[in-house]
Amino acid sequence: MPIVASHCPQHRFVIVDINEARIAAWQSDKLPIYEPGLDEIVKKTLGKNLFFSTDVNKHISEADIIFVSVNTPTKVFGEGAGRAADLQYWEKTARQILENSITSKIVVEKSTLPVRTAEAMERILNSNGNGLHFDVLSNPEFLAEGTAVRDMEEPDRVLIGGRTTESGQRAVQTLVELYANWVPRERIITANLWSSELSKLVANAFLAQRISSINSISALCEKTEADVSEVAHAIGLDNRIGKYFLRSSVGFGGSCFKKDILNLVYLCEHYGLPEVARYWEQVVKMNEYQEMRFVSKMVSSMFNTVAGKRIALFGAAFKANTNDTRESPALEVCRALLEERADIVITDPQAMDNARHDLGELAKRVTFEADPYAAAKEAHAIAILTEWTQFKELDYEKIYNSMIKPAFIFDGRNLIDHKKLYQLGFNVYPIGKPALTHLQSH
Ligand code: UGA
């Protein structure tokens, strides 16, 4: 929203949240999230046409357009637990909008929601007897963490879904005009409400599917001496396949992919399409397999035991340039290694606080070390789990010299020059490529 505000000085934007600490943080020098480039934009607009407030009711009442981006976590109870989206916060918000409205409004779904959620929202909002009218639009967010500013400034497309009624189409046009302040018109596409809601889930499912596909091939590469990067490069040059999202890794993480696919799976089951549900479910299963395959490889390479061995995890964030650790493969690897009774040290330039929080009780068994050199000191192994450029630039000779021998490095992101590491003395285990080891095989 700060980016929208920066392009639309003629409009006033107020971001509301009931969490006082968060609202205070947004107005301080340390924003509550780490996102490259965002600080400057907030600074530029704050107090001019961008405001933050905890007075939710007042600002509902004053607004013409309300963007709702409340949480839609996976349900942990009742029907659909573990797969369906928990819509309680959305419904509460709809009721709160209704209670505090004295004028008609446009309500925009920004959160990722199951198909036909807008219908329920419309029913609640238009159940008033006071002549107010609410148009519900779907305007899914496609930005990725770490590149959020660029993705908002130059989106591949903006998608706006609305009803085909006259008032629905008027509302769609209002939102089109807002985006047209900086997005070329041909990139603003409109659709019916249900297509728009579904497109968000499907976009994430397709992206995640590409990662699971290349990761499945990485397992085969490790058995056949093929190199997954070479395979990805070769297939990616085919325009029909395309080169993006083919980086094999320890697995995908983040708050969206798994949640959205499970949501899609649940919808398919709900609509009596079990074969379609199983198809998409496999994308999540392949991801879990990849994470556990990585851990098994660590354990088997280190002579079938890591108990009591110091292992440095380079990275906790689910990807580089974010402090977000939600569904991070790094934490999955950490949990599995703790099960094996390894002695774990985590280092990450941004995500240590979130890692500590997400690990809960287990955090007590982990050492957090800001300095990667100190983390690797006297370690038996390093596992690279987040592709931070900082990890690329380290002096691996110095690191090698400080480690217990034989020294192992498991590169879950294929980040570092493997030959060079091998020449330094490391036993190197990349993803989807032959291992480079000094150990005698028997
Ligand atoms: C993802 C989508 O890319 C966004 O378009 C979408 O708006 C967002 O979810 C959302 O629904 O909010 P995000 O989760 O921030 O964005 O991050 P991605 O860049 O998609 O990466 C997700 C995971 O896949 C990361 O763990 C990343 O390391 C991994 N990944 C990505 C790979 O392992 N290989 C790749 O080639 C690409």
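Residues numbered from 1 in each chain as written. Predicted model: local features only at pLDDT ≥ 70, side-chain atom pairs only at ≥ 80, totals over all residues. Heavy atoms only, no water.

## Digging into the site of the ligand
For clarity, the threshold we go by: Near, as used in this document, describes a residue that has one of its heavy atoms within 4 Å of the molecule or strand being considered. Think of a polar contact as two N or O atoms within 3.5 Å of one another; within protein, one of them needs to be a possible hydrogen donor and the other a possible acceptor, and neighboring residues in sequence only count if both atoms come from side chains. Surface exposure here means Shrake-Rupley accessible area, sampled with a 1.4 Å probe, where a residue is shielded only by the protein chains that are shown. Counting from the N terminus, the helices are DSSP H or I runs at least four residues long and the strands are E runs at least two residues long. In this count, Pro and Cys sit with the nonpolar residues alongside Ala, Val, Leu, Ile, Met, Phe, Trp and Tyr, while Asp, Glu, Lys and Arg are called charged and the others, Gly among them, polar.
What surrounds the ligand is a group of 21 residues, the closest being F142, L143, K200, S249 and R413. With respect to the ligand, the backbone of E141 contributes an N or O atom lying 3.2 Å from an oxygen atom. Residue L246 places a main-chain N or O atom 3.4 Å away from an oxygen atom belonging to the ligand. In isolation the ligand offers 710 Å² of accessible surface; the protein chains occlude 91% of this area. Residue contributions to the shell around the ligand peak at 4 residues, all from helix α9 (residues 193–224). Taken together, the residues that form the shell around the ligand break down as 11 nonpolar, 3 polar and 7 charged.

## Considering the nonpolar core
Applicable threshold: The nonpolar core is taken to be a set of buried Ala, Val, Leu, Ile, Met, Phe, Trp, Tyr and Cys residues, with the residues joined through side-chain atoms within 4.5 Å. Buried, partly exposed and exposed residues are distinguished by accessible area as a fraction of the type maximum, computed with a 1.4 Å probe on protein chains only: under 20%, between the cut-offs, and over 50%, respectively. Any two residues whose heavy atoms approach within 4.5 Å are treated as being in contact.
F314, L337, I344, I346, Y396 and F426 are the most contacted members of the largest nonpolar core, which totals 57 residues. Considering each element in turn, this core owes the most residues, 7 residues, to helix α13 (residues 329–339). In contact with F426, not counting residues within four places along its chain, are Y396, I399, Y400, M403, A407, F408, I409, L421, L436 and H438. If you look at the next biggest cluster of nonpolar residues, it comprises 37 residues, including L98, M121, L267 and C268.

## Some details on the pairing of strand β11 (residues 381–384)
Convention followed: The pairing criterion is simple: DSSP has to find at least two bridges between the two strands.
Here β11 shows no split at all, with A381 and A383 on one side and I382 and I384 on the other all buried. Here 4 bridges tie strand β8 (residues 310–314) to β11, and the two strands are oriented parallel to one another. Paired with F314 across the two strands is I384, which belongs to β11. For β11 and strand β12 (residues 408–411), the ladder comprises 4 bridges, and the chain directions are parallel. Residue pairing for β12: I382 is matched across the bridge by I409.

This is a description of form; function is not addressed.
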